[in-house]
Amino acid sequence: MKHQYGRKTQKKVSDNEYDRFFKAISKKYVDPAKKPEEQKYLDKIHFKAEGNIEFQSILYIADRPTYDMYDPNKNDGGIALYVKRVFITDSIPDFMPRYLSFLRGVVDSDDLPLHVSRELLQESTVLKVIKKKLVSKAISMIRRLAKDDQTKRKEREEEKAAREADPDYEEDKELAETPEEEEFNYIRFWRLYGKQIRLGIMEDPVNRPRLVKLLRYKSTKSEFYFTSFEEYVKRMPDNQEYIYFIAEENIDKCRMSPFLEELRKRNFEVLYLTDAIDEYMIQQIPSFEGKDLMSVTRDDLKFGDEDMKDIREKQDELNKEFLPLTHFFKENLGDQIQKAQISTRLSSSPCVLVAPKYGISANMARIMKAQALGANMNEVNKMMLKQRILELNPNHVVIRELLRLVASNKNDPTAKSVAHLLLETAMMRSGYVIENTALFSSRIYNMIEQSMNIRDEDEDEDFEDEEIVEEEEPVQAPADPDDAPETEAHEDL
């Protein structure tokens, strides 16, 4: 029988038998075009639960997801239930949580009756206990996979440091170019089933603390390999109080984001969240190991030194100095922004648009718009989307020159044009969408014309309408009729 290995102890089952068993139970879940020898698994766990309720089980993590893993209407589950070696079913609704749908395996119990209906199984207390134990064991298996990779990475780094200390050291190019997922099994698991772990954090509050430790992201200090929250905390400098993250469409946009300027300057690490589900999932993780998580794209960004007297006094002076400019932006931009304020997160960019603490971020707006009903965003979401805050860099030459223009004449047309142009460029760099692209293009063209000293169109038209009168030379009559120019003779019609 297929489940015979589930009745054996782990020591009595060989690796070859585990492989054959996995191929046998996973036939209906793989691509028919794939050869049997290509069916593999990343890891397995074989255990026997003892106590008031006893059962035995083998669980596998397949090396690739099934084609219907994200189908909410699929009936077949990955775990087959046996009672006293007799197959009962593999399609019990909600037997395993959705985020563990990638598991394959069998469960064999002696505490369930052989003749039992599906309705009774759903209400069975025994089955609920089995489910709880299976979920716990599955998470332990995944964490073991992650821990093995951490140990392997640490050993590799130590070996590399020892080799680099050798004057005759030459880097192994073949090893250096090996993709991370081929060398580390958990990284391969994360690329395959990372969405499932995120989904588990959202749907399973009981196991959330354990699942958070399985998250892996790239960051400003680990752009070429994945890092965990635990590794992030260990690298934090003494003056860093928060775990910073940025949610964007891809890694490149994260790297080039103006939101990272001051954080890079302070040597604070920022995690790159690039999956759409991250925006929803991260809201379920307010802190990790006593460190609060903080988005770098929101208004409440803190660096931990805001309460220092000299920092606070300097910020108050800047706010007072640039008060005419912040009022000018709000008056001219109207309801396009909630307010304008002096920024502490910028060092090279002139301005940036940030979302309020409890508002809709630019990345969340992009995700919502891409959904099936995103085009029909309700009025509440549209209103929240406009509650953006324009932050100005007080050290940027453009902002200081604009302050000078506004101080001398707040109705200066150049200042008004620049204010709108700064807002629209900030929208693009911050991830928002410019609604009136024609008007934005017109402003860009006007700036190009001014920089090239090109004459205005109105002046050009006036110039073309002017009549240029040229003096005509007088035509003298020929003295002799024979000298007159010959003309063509036309026949009368």
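All figures in this text were calculated on a predicted structure; none of them were measured in a lab. (Residues numbered from 1 in each chain as written. Predicted model: local features only at pLDDT ≥ 70, side-chain atom pairs only at ≥ 80, totals over all residues. Heavy atoms only, no water.)

### Points about the side chain of T227
Step number 1: Mapping T227 onto the fold places it in strand β7 (residues 222–227).
Step number 2: Accessibility expressed as a relative area gives 1% for T227, which makes it buried.
Step number 3: Side-chain polar atoms of T227 contact the side chain of E231, separated by 3.0 Å.
Step number 4: Here R235 takes part through its side chain, which lies 2.9 Å from a polar atom of the side chain of T227.
Step number 5: When neighbours within four sequence positions are excluded, T227 is seen to be in contact with L215, R216, Y217, S219, S222, Y232, R235, E269 and L271. (Helix = DSSP H or I, 4+ residues; strand = E, 2+ residues; numbered from the N terminus. Buried < 20%, exposed > 50% of the residue type's maximum accessible area, 1.4 Å probe, protein only. Polar contact = N/O pair within 3.5 Å; in protein donor to acceptor, adjacent residues only side chain to side chain. Contact = heavy atoms within 4.5 Å.)

### As for the packing of aromatic side chains
For any pair of aromatic rings, geometry is given as the distance between the ring centres together with the angle between the planes.
Step number 1: One pass over the structure, following the stated rule, counts 15 aromatic pairs.
Step number 2: When the centroid spacing of 4.9 Å and the interplanar angle of 65° are considered together, the rings of Y41 and Y60 count as edge-to-face. One end of the pair, Y41, is in strand β1 (residues 41–49); the other, Y60, is in strand β2 (residues 55–62), with 19 residues separating them in the sequence.
Step number 3: Relative accessible area serves as the criterion here: at 0%, Y60 is assigned to the buried category.
Step number 4: Ring centres of F102 and Y193 lie 4.4 Å apart, and the angle between their planes is 20°; on these two criteria the pair is classed as stacked. In this pair, F102 is assigned in the loop between β4 (86–89) and β5 (103–109) and Y193 in helix α6 (residues 185–203), connecting sequence segments 91 residues apart.
Step number 5: A residue is classified by how much of its surface remains accessible, and Y193, at 0% relative accessible area, is buried.
Step number 6: Aromatic ring contacts, followed pair by pair, group F21, F22, Y41 and Y60 into a single cluster. (Phe/Tyr/Trp six-rings, centres within 6.5 Å; stacked < 30°, edge-to-face > 60°.)

### Details of a nonpolar patch on the surface
Step number 1: A surface patch of nonpolar side chains, about 420 Å² in accessible area, is lined by Y445, I448, M452 and I454.
Step number 2: In this structure, I454 sits in the loop between α18 (437–451) and α19 (457–465). (Patch = residues over 30% accessible without salt bridge, like charges linked within 9 Å, V, L, I, M, F, W, Y side chains within 5 Å. Areas by Shrake-Rupley, 256 points an atom, 1.4 Å probe, with all protein chains shown as cover. Salt bridge = Lys/Arg side-chain N within 4 Å of Asp/Glu carboxyl O.)

### Here's the deal with the confidence of the model for the chain
Step number 1: Across the chain, the average pLDDT comes to 83, with 80% of residues at 70 or higher.
Step number 2: The secondary structure element of the chain with the lowest average pLDDT is α19, at 49, and the one with the highest is strand β9 (residues 270–273), at 97.
Step number 3: Confidence drops under pLDDT 50 across residues 462–472; counting only partners more than four residues distant or on other chains, this segment forms 0 contacts. (pLDDT = per-residue confidence, 0-100.)

### Thoughts on the packing of helix α13 (residues 323–333) against helix α16 (residues 397–408)
Step number 1: It is at 9 Å that the axes of α13 and α16 come closest, and there the two elements cross at 85°. The angle between α13 and α16 falls in the class roughly perpendicular. In this structure, α13 contributes P324, L325, F328 and F329 to the contact, and α16 contributes I399, L402, L403 and V406.
Step number 2: Tallied by class, the residues present in the contact of α13 with α16 amount to 8 nonpolar, no polar and no charged. (Axes fitted to C-alpha atoms, helices over the stretch in contact; angles between N-to-C directions. Parallel < 35°, antiparallel > 145°, perpendicular 65-115°, else oblique. Nonpolar A, V, L, I, M, F, W, Y, C, P; charged D, E, K, R; others polar.)

### Points about the nonpolar core
Step number 1: Counting residues in each nonpolar core, the largest one holds 93 residues, and the members touching the most others are F189, L215 and Y244.
Step number 2: Ranked by residue count, the leading element in this core is helix α3 (residues 125–165), at 11 residues.
Step number 3: Apart from the residues within four sequence positions on either side, L215 is in contact with W190, I197, R198, I201, T227, S228, F229, M281 and I285.
Step number 4: Core analysis: the next-biggest nonpolar cluster, separate from the first, contains 31 residues, F329, A340, I342 and L390 among them. (Core = buried A, V, L, I, M, F, W, Y, C linked by side-chain atoms within 4.5 Å.)

### Some remarks on a negative patch on the surface
Step number 1: Where like charges cluster on the molecular surface, the negative patch consists of E155, E157, E158 and E159.
Step number 2: According to the relative accessible area criterion, E157 is partly exposed, its value standing at 47%. (Lys, Arg positive; Asp, Glu negative; His and termini not counted. Charge placed at Lys NZ, Arg CZ, Asp CG, Glu CD.)

### Points about the sheet that holds β9
Step number 1: The sheet built from 6 strands is open, its strands ordered β7-β6-β9-β8-β11-β10 with mixed pairing. Bordering the open sheet on either side are β7 and β10 (287–288), each of which pairs with just one other strand. (Pairing = 2+ DSSP bridges.)

### Structural notes on the side chain of S109
Step number 1: Mapped onto the elements of the fold, S109 is located in strand β5.
Step number 2: Given the relative accessible area of 0%, S109 is considered buried.
Step number 3: When residues no more than four places from it in sequence are discounted, the contact partners of S109 are E54, F55, Y82, V83, K84 and I130.

### Some thoughts on the sheet that holds strand β14 (residues 389–392)
Step number 1: Pairing within the open sheet is mixed, and its 3 strands lie in the order β12-β14-β13. Edge positions in the sheet fall to β12 (339–342) and β13 (351–354), since each has one partner strand and no second. Along the sheet, successive strands turn relative to each other by an average axial angle of 25°, direction set aside.
Step number 2: Pairing geometry for β13 and β14, over 4 bridges, is antiparallel. Its bridge partner lying in β14, C351 is registered against L392.
Step number 3: Contacts from α13 reach β12 and β14 within the one sheet, and its direction differs from that of β14 by about 145°.
Step number 4: Against the sheet, helix α17 (residues 413–430) touches β13 and β14, its axis set at about 60° to β13.

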